[in-house]
Amino acid sequence: MKAGERLQGIVIRASAGNYTVFHQGHEVLCTLRGNLKKELVMTESASRAPRVVQAKRKRLTNPVAVGDTVWFHFTTAHQGVITEVEPRRSAVVRFLPRTKEVQVIVANIDLLLVVFSVLEPRLDPWQLDRFLVAAYANGLSPVIVANKCDLPIEPQTEHHLQVYARCGYEVIRVSATRSDNIEHLRERLRGQIAAVCGPSGVGKSSILNALQPGLGLKVGQVGEVTHKGRHTTTLAQLFRLGEDSWIADTPGMRNLELWAVDAETIWEAFAEIRPYLGQCRFPDCQHDTEPDCAVKRAVEEGAIDRRRYESALLLAKEAQETR
């Protein structure tokens, strides 16, 4: 490589101001050019869903994220400096209420694997809905991965999984410990840049270890008293799966704050509710107490699962209160 030559790569790890950039089969440890540290502005995404309110000057905690395509040049034989970041086509973000900042967890992905377990900890459909809305609002295709299917599946959990499948969501049942359906999941990821997200303790790192033997990611245990997972992943990182696939591991999130998503987008994010929007008597129907509401009528007729409707109503009210 020539000194100062402008090169392109993808950020595969980020920690404490240091970035590992993958370039032509090699990893280069990079820092940021000074002016990039000041440009904490969210880039526009051409793939985001309609009506998502994008804050133009919202402060970011990280100007460069895992998954970003960057330009850099070498400063020594093995180190470099990032000089430019390409616009992001997609991003998984979360709002940090305490600091009023936005954190980009991973950028430029095609597929979002939303991992939950059937037991220990038990699948939480209300939390799963929140992840699915976040995927829709950021223009991402979600895949629900139900892990620990070697354990007994309770009737209520089975009911939830069947409801999601009927709504049109792709549901893949796996067991990381027995490698059940891992090969099917690997084929689903072929040619994709994917990210794994979900609560702590559901087995995200175990799934990655099964997908790519040799990774050796640390695996946590579920607390015997709380039945909640313990965090084992502390930073996002991108791993290569074969020649044409990448997958990002992300820190465990027990709660995902929806950022800049309005109530209308939330209703649209529920695939089974979407066909009934615009059919109510009132154009500005909130699908709550208004008469002649097409959405509520579909719930009463059984076309829309009641719990899913209540979840959408709850999230829509939350969005209105936080605007």
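Let us look at the structure shown here. Bear in mind the structure is a predicted one, so any value in this text is a computation, not a measurement. (Residues numbered from 1 in each chain as written. Predicted model: local features only at pLDDT ≥ 70, side-chain atom pairs only at ≥ 80, totals over all residues. Heavy atoms only, no water.)

**Description of unusual backbone geometry**
A cis amide bond links Glu120 with the next residue in sequence, Pro121, at an omega value of -5 degrees. Topologically, Pro121 is positioned in the loop between β8 (111-117) and α1 (125-137). The phi torsion at Glu120 lies on the positive side, around 55 degrees, for a residue other than glycine. With respect to the secondary-structure elements, Glu120 resides in the loop between β8 and α1. With phi around 65 degrees, Asn181 is a residue other than glycine that occupies positive phi space. With respect to the helices and strands, the residue Asn181 is situated in the loop between β10 (170-173) and α3 (182-188). (Helix = DSSP H or I, 4+ residues; strand = E, 2+ residues; numbered from the N terminus.)

**Some details on the packing of α1 against helix α7 (residues 306-322)**
For the pair α1 and α7, interaxial distance at closest approach is 10 Å and the crossing angle is 60 degrees. Classed by the angle they form, the pair α1 and α7 counts as oblique. Between α1 and α7 the crossing geometry is right-handed. Facing α1, whose interface residues are Pro125, Trp126, Asp129, Arg130, Leu132 and Val133, α7 presents Arg307, Arg308, Glu310, Ser311, Leu315 and Glu318. Here the contact of α1 with α7 is built from residues that sort into five nonpolar, one polar and six charged. (Axes fitted to C-alpha atoms, helices over the stretch in contact; angles between N-to-C directions. Parallel < 35°, antiparallel > 145°, perpendicular 65-115°, else oblique. Left-handed = near helix turned anticlockwise from the far one by under 90°. Contact = heavy atoms within 4.5 Å. Nonpolar A, V, L, I, M, F, W, Y, C, P; charged D, E, K, R; others polar.)

**Section: the packing of aromatic side chains**
Applying the stated criterion across every chain yields a total of five aromatic pairs. Taking 6.0 Å as the distance between ring centres and 65 degrees as the angle between the ring planes, the aromatic pair formed by Tyr164 and Tyr169 counts as edge-to-face. Tyr169 carries the same exposure label as Tyr164, and that label is buried. In this arrangement the basic side chain of Arg6 is found over the ring face of Trp71, its NZ or CZ atom lying 3.9 Å from the centre. We note Arg307 situated over the ring of Trp126; from NZ or CZ to the ring centre the distance is 4.9 Å. (Phe/Tyr/Trp six-rings, centres within 6.5 Å; stacked < 30°, edge-to-face > 60°. Buried < 20%, exposed > 50% of the residue type's maximum accessible area, 1.4 Å probe, protein only. Lys NZ or Arg CZ within 6 Å of the ring centre and 35° of its normal.)

**Brief notes about the pairing of strand β7 (residues 101-107)**
Across the seven residues that make up β7, a large majority, six, are buried. Counting the residues in the hairpin turn of strand β6 (residues 91-96) and β7 gives four residues, including Lys100, whose phi is positive at 60 degrees. (Pairing = 2+ DSSP bridges.)

**Let's talk about the environment of Val114**
Inspection of the secondary structure assignment puts Val114 in strand β8. Residues in contact with Val114, not counting those within four places in the same chain, are Leu128, Phe131, Leu132, Pro142, Val143, Ile144, Val145 and Cys197.

**A word on the pairing of β8**
With respect to burial, β8 is a largely interior element, seven of its seven residues being buried. Residue alternation in β8 divides its side chains into two sets, Leu111, Leu113, Val115 and Ser117 and Leu112, Val114 and Phe116, and both sets are buried. Of the strand pairs in this sheet, β8 and strand β9 (residues 141-147) are connected by seven bridges, and their pairing is parallel. Note that in β9 the partner of Val115 across the bridge is Val145. The sheet contact formed by β8 and strand β11 (residues 193-197) spans four bridges and is parallel. Bridge assignment links Leu111 to a residue of β11, and that residue is Ala194.

**Some remarks on the nonpolar core**
By size, the foremost hydrophobic cluster in this structure holds 33 residues, and its most contacted members are Ile109, Leu112 and Val114. The dominant element in this core, judged by the number of residues it contributes, is α1, at four residues. Residues within four places of Ile109 in sequence aside, it is in contact with Arg89, Ser90, Val92, Leu140, Ile193, Ala194 and Ala195. If you look at the next biggest cluster of nonpolar residues, it comprises 25 residues, including Ala134, Trp267, Val299 and Leu315. (Core = buried A, V, L, I, M, F, W, Y, C linked by side-chain atoms within 4.5 Å.)

**A word on α1**
Compared with an ideal rise of 1.5 Å per residue, which puts 13 residues at 18 Å, α1 spans 18 Å between its outermost C-alpha atoms and is within 8% of the ideal. Of all 13 residues that make up α1, eleven are buried, and the element is covered over most of its length. All of the buried residues in α1 are Pro125, Gln127, Leu128, Asp129, Arg130, Phe131, Leu132, Val133, Ala134, Ala135 and Ala137. Where α1 is buried, its residues touch β8, β9, α2 (155-166), β11, α5 (263-269) and α7. (Expected span 1.5 Å × (residues − 1).)

**Some thoughts on the environment of Ser141**
Locating Ser141 in the fold gives a position in strand β9. Separated by 29 residues in the primary sequence, Ser141 and Leu112 place their C-alpha atoms 6.0 Å from one another. For Ser141, the residues in contact, after removing those within four places along its chain, are Asp110, Leu111 and Leu112.

**Focus on the pattern of salt bridges**
Evaluation of the coordinates by the stated rule reveals 17 salt bridges. Where Arg307 meets Asp129, a salt bridge forms, and the shortest distance between an N and an O atom there is 2.9 Å. Linking Arg307 in helix α7 with Asp129 in helix α1, this pair joins segments that are 178 residues apart in sequence. Relative accessible area serves as the criterion here: at 0%, Asp129 is assigned to the buried category. Put simply, Arg186 and Glu183 hold a salt bridge, and the shortest N to O gap is 2.3 Å. Residue Arg186 and its partner Glu183 are located together in helix α3, separated by three residues, close to a single helical turn. Using a relative accessible area of 26% as the deciding quantity, one classes Arg186 as partly exposed. Salt bridges linked by common partners bring Asp129, Glu272, Arg307 and Arg308 together as one network. (Salt bridge = Lys/Arg side-chain N within 4 Å of Asp/Glu carboxyl O.)

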